[in-house]
Amino acid sequence: VATDFIEPNGIAFTEDGTTAYIGETGFLTATPNQTSPATIFAFDVDKKTQMFKNRRVLAYIDTGIPDGLLVDTKGNIYAGCGDGVQVWNDEGTLLGKFFI
């Protein structure tokens, strides 16, 4: 249902199932590649076909990669990253970080 990824890692859906988020971890290979993505993408989920449409960047990860995703009941997106857990709203604004 989603293509054109190097290393997808993690998927999460909004509570109503209309939006899907996928983490792209192509940055982290045997030797980290600064030109490959460390990104979270958002997709609209088609109600009839369940296909993912309207691929767009939600967030670029500034430390490490997005390793696992979670969406809370308010629509905020959480991802394990190189410095802990980063949190964005559904428009891609970084709300904060839990440093671990």
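Predicted model only: the values in this text are computed from it and were never measured.

To continue, consider the nonpolar core. Ranked by internal contacts, the top residues of the largest apolar core, which has 15 residues, are Tyr21, Ile40, Leu58, Ile61, Leu69, Ala79 and Trp88. Contributing elements (two or more residues each) for this core: strand E3 (39–45), strand E4 (52–60), strand E5 (67–71) and strand E6 (77–81). The greatest single-element share of this core, amounting to 3 residues, is contributed by E6. Those residues in contact with Leu69 that sit more than four places away from it in its chain are Gly10, Ile11, Ala12, Tyr21, Ile22, Gly23, Ile40, Tyr78 and Ala79. Listed in part, the 7 residues of the second largest apolar core include Phe5, Ile22, Phe41 and Phe43.

Structurally, Ile40 is set in strand E3. Excluding residues that lie within four positions of it along the chain, Ile40 makes contacts with Tyr21, Ile22, Gly23, Arg56, Val57, Leu58, Ala59, Ile61, Pro66, Leu69, Ala79 and Trp88.

Time to look at the pairing of strand E2 (residues 19–24). Within E2, 6 of the 6 residues are buried, leaving the element largely enclosed by the surrounding structure. By the alternation rule, side chains of E2 split into Thr19, Tyr21 and Gly23 and Ala20, Ile22 and Glu24, which are all buried. When E2 meets E3, the two strands line up antiparallel, connected through 6 bridges. Considered in E3, the bridge of Thr19 is made with Asp44.

What follows covers the sheet that holds E5. Across the sheet, which stays open at both edges, the 4 strands sit in the order E5-E6-E7-E8 with antiparallel pairing between neighbours. Two strands bound the open sheet, and with one partner strand each, they are E5 and strand E8 (94–99). Pairs of neighbouring strands in the sheet enclose a mean axial angle of 20°, with direction left out of account. As judged from the 4 bridges shared by E5 and E6, these two strands associate in the antiparallel manner. In the strand pairing of E6, Leu69 is matched with Ala79.

Look at Gln50: it is not a glycine, yet its phi comes out positive at around 65°. For Gln50, a relative accessible area of 45% gives the class partly exposed. A positive phi angle, near 60°, is found at Asn54, a position not held by glycine. If you trace the backbone, Asn54 turns up in strand E4. Its relative accessible area of 47% is what places Asn54 among the partly exposed residues.

Cut-offs used in this document
Residues numbered from 1 in each chain as written. Predicted model: local features only at pLDDT ≥ 70, side-chain atom pairs only at ≥ 80, totals over all residues. Heavy atoms only, no water. Core = buried A, V, L, I, M, F, W, Y, C linked by side-chain atoms within 4.5 Å. Buried < 20%, exposed > 50% of the residue type's maximum accessible area, 1.4 Å probe, protein only. Helix = DSSP H or I, 4+ residues; strand = E, 2+ residues; numbered from the N terminus. Contact = heavy atoms within 4.5 Å. Pairing = 2+ DSSP bridges. Axes fitted to C-alpha atoms, helices over the stretch in contact; angles between N-to-C directions.

These figures capture arrangement, not role.
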